[in-house]
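Residue strings, one per chain:
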Number of protein chains: 2
Amino acid sequence: MYYVLLSGGSGKRLWPLSNEVRPKQYLKLVNPESNSMERCSMVQRVWKQMQEADLEKHTIITAGCSQEELIRSQIKDAKIALEPEARDTFPAVLLSCAYLHSILGAHKEEYAVILPVDAYTQESFFVLLPHLKEAVRSFNAQIGLIGAKPHYAASKYGYMVPLEQKQKVKLISRFVEKPDEAEAERLIRQGALWNCGVFCVQIGDILSMASEFHLTESYEDIRKNYHRLPAISFDYQVLEKADKLIALEYNGYWKDLGTWSAMAEQMSTNTQGNVLMDEHCLNTQVINELDCPIVVAGGKNLVVAASQDGILVADKNHTEGIKQLVQDFHSNPRFEERRWGTLQTLDDSSEGEHRVLTRKIKIYDGMNSSYHHHENRDELWTVLRGQADLILEGNRIRLLPGKVICIRRGQRHAVKALEEFEYIETHVGSSGGNEDIHRITFKWDEISLSQIL
Amino acid sequence: MYYVLLSGGSGKRLWPLSNEVRPKQYLKLVNPESNSMERCSMVQRVWKQMQEADLEKHTIITAGCSQEELIRSQIKDAKIALEPEARDTFPAVLLSCAYLHSILGAHKEEYAVILPVDAYTQESFFVLLPHLKEAVRSFNAQIGLIGAKPHYAASKYGYMVPLEQKQKVKLISRFVEKPDEAEAERLIRQGALWNCGVFCVQIGDILSMASEFHLTESYEDIRKNYHRLPAISFDYQVLEKADKLIALEYNGYWKDLGTWSAMAEQMSTNTQGNVLMDEHCLNTQVINELDCPIVVAGGKNLVVAASQDGILVADKNHTEGIKQLVQDFHSNPRFEERRWGTLQTLDDSSEGEHRVLTRKIKIYDGMNSSYHHHENRDELWTVLRGQADLILEGNRIRLLPGKVICIRRGQRHAVKALEEFEYIETHVGSSGGNEDIHRITFKWDEISLSQIL
């Protein structure tokens, strides 16, 4: 029995905290356990719950390739199936099963449970998962699902309607997407459950679909030809065509953290960061990732969120439209988390072709950059804090606070932090940021410093 | 006849846009004329109205000494009486009259009209001002005031009650501060007027009060001994004790721009800067001085304002308490406007005694710094844009984009922009920002470059 956490997507639903390089499932906004004040990301919370249910050894994470560093910084030793590009859930599930088979050696007769990471649930949810295989098998079903017993007549969720109410394992007769409230109430009286987006499938069953697209069942082949798969959801491509679907009922807390209003209500505290609310505020949550304070006076039913990328002020009844509102924002993220440290844009004084970009860069103790050069810009460094070794055209230079360095275009360089190291970097030229990086192909950790020089 | 614009105060009422170095009267939020989309500050608007009423030649501005550069950058050729420190309105009026007498040579028999700069009024208000002197004289009154005919039963203003309703020039019987609505309605039926905070006084009458505090009537003497004057309002010290007060009635638009809700409603557009509001927003104004966008979804009756100093989200019914809320914020302003350019703090990585401060500095074409050194920090400069001459320990260095300069502690330096010039400056040491500046006493414009060297 294997488990796949589907963690793709680069949603802007939680803008300005979520962006291309930091999708919502990696934001550290939720608490790992209900009685904890600590904060973790949705991925971390689900991973911890998988650990507690003793399932994590057979669990992989499937995510976009740009998210690899982020996942590794949040979950040590995660096994990751990497989507070369975002192409909806059917390709992701096929890729996941291929990873299980090709890389982990899972038998085709084995089963895999695919689950999303953006649901907020309790321990008992995870206790249910291993029982899916048994239920699918004993009913000779094609797919097994988890249905949450509705807490109220929500119109934002999908419902699945069972053939019969009484059975423990329910045969599903049909699905209803986002019914209005009256319809939802009627469905609930018929024993309908919320669709939790969990699927238990037989690995070989999914892998056999590869041939439809003239692909083999190998992970590498599917990765290489990923663009040939249709960008289509698993629901549409597989679930809706399936012969026999069964569901296990989950009777506990379940919530999809897909909008700011849902997320805000799951926060363990009303404020995060430098925030001041007056006594007239009511049902308002504020998250501030900036250094400067946010003051809220008389705010009612609001979500306020600020990051380097922007500031959101939203009435909780209007958070569903945020993704739409910000879809045309294509500016580069001002804050990036990497495996080796962080990048923060402080100033962009570019004018047309002439790029002038100032960033603050932190490199964690012991981490290093590649050895590389830039063709179209000079880099001007000012050391703020810590110690590092700079290799510049084969010369080693010790960097200490107050040191200023010019790295002219064409000059090969690399930096390694001897302790946590911070510097300000200004790019002047016709390129800036993460472009125009020409790496020389060897790595610090594979070669000694004297060999580089 | 002279006019004094009282422009003191360092109010935090319009935080985060107003701060110690940029009080609310200098924020460019209002329009100079009712049909204009251009924006100007309150001081600029009043100055323009004085010009249109042909009064500006006999007008001075009285303000705190830290505001001198700001006034000069907004109003060319302003005559400014400088308060050495903020000590409420009575000392400011005494200082103003001394300036008129000592510096401008005004006779003691002459009259001065003192007026605040944070009222939003129409042209006809300024047409009334020259008539105050005649009214005061003909009634042999001590002080002449302007009373605005109330538009509604406002509880936030002060009222003055006339002895008789019919007269054009009204003798004032009493003042009522911030009555409740019912009381305000009763007062309005008695012909009460809003107190516009304008006083017409005889210059000699005010100057004679200096002796009470053992001061002469000279501007320099009063400035030098300003701390010996009581920090007390003109209303309390003079108006309440006056024998005979008259008022002229002003029948036009009048509004005190003392709170965010009042200011927001006076803005010519609902948004300023990079702002996106969805179609559900109602009666909401947003001012964004940051580069990153502000998105407002479903905001009703809100004021949102963002600057380098912080972010405000306020229901318009709760903007009166903002000053109180932010009174403990003592961080240095992150953005400063000077006569010669602007200073913007990009990053403060200081830890305890060790200061590491990064700022972006703009110097206008032709402007220069003093020749100075720092005892307790190094300065590291990276040129972004434009051209300048740096004099460093007597050597002239041409600064162009991409140049990096270290100025070590003790090294004397000055910079003059040859065209608009921008650079990033990092301070590393035990001092930072506007402290630890040791000027060498000569000025660029008094001496040729060769003489400096």
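Look a little higher up for the structure.
Topic: the overall build of chain A
In terms of regular secondary structure, chain A is built from twelve helices and 28 strands. Counting over 453 residues, chain A shows a buried share of 57%. Contacts in chain A between residues at least 24 apart in sequence constitute 65% of all its contacts with a sequence separation of at least 6. Accessible area for chain A stands at about 19300 Å²; split by element, carbon and sulfur atoms hold 45% of it. For chain A, the separation between the mean place of its 52 positive charges and that of its 62 negative charges on side chains is 2 Å.

With respect to the sheet that holds strand β13 (residues 275-277) of chain B
One open sheet holds the six strands; their spatial order is β12(A)-β14(A)-β16(A)-β17(A)-β15(B)-β13(B), and the pairing between them is mixed. Edge positions in the sheet fall to β12 (271-272) of chain A together with β13 of chain B, since each has one partner strand and no second. With two bridges connecting them, β12(A) and strand β14 (residues 285-288) of chain A associate as parallel partners. Each bridged residue has a counterpart across the sheet, and for A:Q272 the counterpart in β14(A) is A:I287.

Structural notes on the interface of chain B and chain A
Contacts between the two partners involve 50 residues from chain B and, on the opposite side, 50 residues from chain A. Between chain B and chain A the total buried area reaches about 4100 Å² when both faces are included, carbon and sulfur atoms providing 67% of it. Contact with chain A buries area across many residues of chain B, yet B:V295, B:I311 and B:V313 alone supply 16% of it, more than any other trio. For the pair chain B and chain A, the number of links is four salt bridges. The closest approach of N and O atoms between A:R385 and B:E351, which form a salt bridge, is 3.8 Å. Summed over the shared surface of chain B and chain A, the result is 16 residue pairs in polar contact (both at pLDDT 80 or more). Residue assignment for the side of chain B that touches chain A shows that the elements contributing at least two residues are β15 (294-297), β16 (302-307), β17 (310-315), β19 (341-348), β20 (355-363), β22 (377-385), β25 (404-407) and β27 (421-429) of chain B. The element best represented in the side of chain B that touches chain A is β17(B), accounting for six residues. A per-class count over the side of chain B that touches chain A returns 29 nonpolar, eleven polar and ten charged.

Cut-offs and rules
Residues numbered from 1 in each chain as written. Chains lettered and ligands numbered in written order. Predicted model: local features only at pLDDT ≥ 70, side-chain atom pairs only at ≥ 80, totals over all residues. Heavy atoms only, no water. Helix = DSSP H or I, 4+ residues; strand = E, 2+ residues; numbered from the N terminus. Buried < 20%, exposed > 50% of the residue type's maximum accessible area, 1.4 Å probe, protein only. Contact = heavy atoms within 4.5 Å. Areas by Shrake-Rupley, 256 points an atom, 1.4 Å probe, with all protein chains shown as cover. Lys, Arg positive; Asp, Glu negative; His and termini not counted. Charge placed at Lys NZ, Arg CZ, Asp CG, Glu CD. Pairing = 2+ DSSP bridges. Buried area = accessible area lost by both parts, 1.4 Å probe. Salt bridge = Lys/Arg side-chain N within 4 Å of Asp/Glu carboxyl O. Polar contact = N/O pair within 3.5 Å; in protein donor to acceptor, adjacent residues only side chain to side chain. Nonpolar A, V, L, I, M, F, W, Y, C, P; charged D, E, K, R; others polar.

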